[in-house]
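Report on the structure
Listed below, chain by chain, are the residues.
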Amino acid sequence: MSHAVFQLDGITKTYPATGAEEAFVALSRVDLDIAKGEFLSIIGPSGCGKTTLLNLLAGFLKPSTGTVWRSGLANPAPGPDRTMMFQDYALYPWMTVAENVGFGLLAKSLPRRERDEIVRHFIRLVRLQGFEDKYPDQLSGGMRQRVSIARALAPDPAVVLMDEPFGALDSLTRDEMQEELLSIWAETGKTFVLVTHSIDEAVFLSDRVIAMSAKPGRIQTVLDIPLARPRRPDIRTRDADFLELKQTIFDLLHHGRGASHGPSAGGH
Ligand SMILES: Nc1ncnc2c1ncn2[C@@H]1O[C@H](COP(=O)(O)OP(=O)(O)OP(=O)(O)O)[C@@H](O)[C@H]1O
């Protein structure tokens, strides 16, 4: 692995007490290095702190104790070097596809022609040529998610953070989007960090999967996914190593153990 784009050192995140609610420890003792160019997924039960962890990486939240190191800076504020993609696409409904994709570029004072060129490039990358002037409500869910990917990539961030990006899609579209995301990741060489509830998605996409446990949110296991790349879609059903890795993560999440000796995979 090349050098780390993030180093998380002894992170705890406590949400303060409010009214009747007691203070809540969402993350406890999280130590993690994220390597440049890796595809990392975070999986775990609801409430284990996945989104909190992503928000710490984005700089939207600060840790209660410990440090998020990035490029020599401790707990840096949000910046254009990290962009976030959400499940609900978070597109501006009053903007066209091209305007949505170009939105993150407005902060950079680029000449109009250069900005248009970048927007064209990313619309091509996500295969939405011909839809530049459509509005989000004229697109399917998969197309909206493509716009969202293009918008996240257009400012040329080093790190793309994704919170359940495909959660709202039907399973066939979801499989297709995962394959597209992998080829975009391979093409751009950026670091991708993905939060997901899908074991299948995590194994198919990732170099490493972080399995978390709840109460308090902790990293339970960091699992390497040594499957060859490029990964063909049919490894999901045919590849014994793929199925074994799924079973291992299933066991970790359901029983808190990583051993896998079952004859068939039981993950979702
Ligand atoms: N602003 C907040 N104030 C108080 N508690 C919060 C706040 N945000 C999150 N929490 C609590 O912290 C815990 C972790 O939340 P987080 O959203 O990070 O979990 P998650 O693993 O992403 O969950 P899910 O899979 O359901 O999205 C949850 O129990 C949640 O209720």
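For the structure itself, consult the block above.
Summarised in this report is the structure supplied together with it. Bear in mind the structure is a predicted one, so any value in this text is a computation, not a measurement. (Residues numbered from 1 in each chain as written. Predicted model: local features only at pLDDT ≥ 70, side-chain atom pairs only at ≥ 80, totals over all residues.)

Moving on, we get to the overall build of the protein. Across its full length, the protein carries eight helices and ten strands. The globule rule puts the C-alpha radius of gyration for 268 residues at 18 Å, and the 19 Å found for the protein is close to it. Taking the principal axes of its C-alpha atoms as reference, the protein extends roughly 55 × 50 × 40 Å. Within the span of the protein, comprising 268 residues, buried residues form 39% of the whole. Pairs at least 24 residues apart make up 67% of the contacts formed inside the protein by residues separated by at least 6 positions. (Helix = DSSP H or I, 4+ residues; strand = E, 2+ residues; numbered from the N terminus. Rg over C-alpha atoms; globule rule 2.2 N^0.38 Å. Buried ≥ 20, exposed ≤ 12 C-beta atoms within 10 Å, placed from the backbone. Contact = placed C-beta atoms within 7 Å.)

With that out of the way, let us pick up the packing of helix α4 (residues 141-153) against helix α5 (residues 171-188). Two elements in contact, α4 and α5, have axes whose closest approach is 11 Å; the angle formed by their N-to-C orientations is 20°. On the basis of the axis angle, α4 is roughly parallel to α5. Crossing geometry of α4 relative to α5 is assigned as right-handed. Side by side, α4 and α5 meet where Gly141, Gly142, Gln145, Ile149 and Leu153 of the first sit next to Thr173, Glu176, Met177, Leu181, Ile184 and Thr188 of the second. The class makeup of the residues in the contact of α4 with α5 is five nonpolar, five polar and one charged. (Axes fitted to C-alpha atoms, helices over the stretch in contact; angles between N-to-C directions. Parallel < 35°, antiparallel > 145°, perpendicular 65-115°, else oblique. Left-handed = near helix turned anticlockwise from the far one by under 90°. Nonpolar A, V, L, I, M, F, W, Y, C, P; charged D, E, K, R; others polar.)

Our focus in this paragraph is the site of the ligand. Looking at the ligand, the residues that line it are Tyr15, Phe24, Ala26, Gly44, Ser46, Gly47, Cys48, Gly49, Lys50, Thr51, Thr52 and Gly217. A per-element tally of the shell around the ligand places helix α1 (residues 50-58) first, with three residues. Split by residue class, the shell around the ligand holds four nonpolar, seven polar and one charged. (Near = placed C-beta within 6 Å.)

The next subject is the pairing of strand β1 (residues 4-15). Inspection of the sheet shows β1 paired to strand β2 (residues 24-35) by eight bridges, in the antiparallel sense. Across the sheet, residue lysine 13 finds its bridge partner in β2, namely leucine 27. Of the strand pairs in this sheet, β1 and strand β4 (residues 65-70) are connected by four bridges, and their pairing is antiparallel. Within β4, the position partnered with leucine 8 by the bridge is valine 68. (Pairing = 2+ DSSP bridges.)

We now examine the pairing of strand β9 (residues 208-213). The pairing of strand β3 (residues 39-43) with β9 spans four bridges and is parallel. Across the sheet, the residue bridging to leucine 40 is arginine 208, located in β9. Taken together, the six bridges between β9 and strand β10 (residues 218-224) define a ladder with antiparallel strand orientation. Looking at β10, one finds that valine 209 is bridged to leucine 223. Between β9 and β10, which pair antiparallel in sequence order, lie four residues; one of them, lysine 215, sits at a positive phi of approximately 55°.

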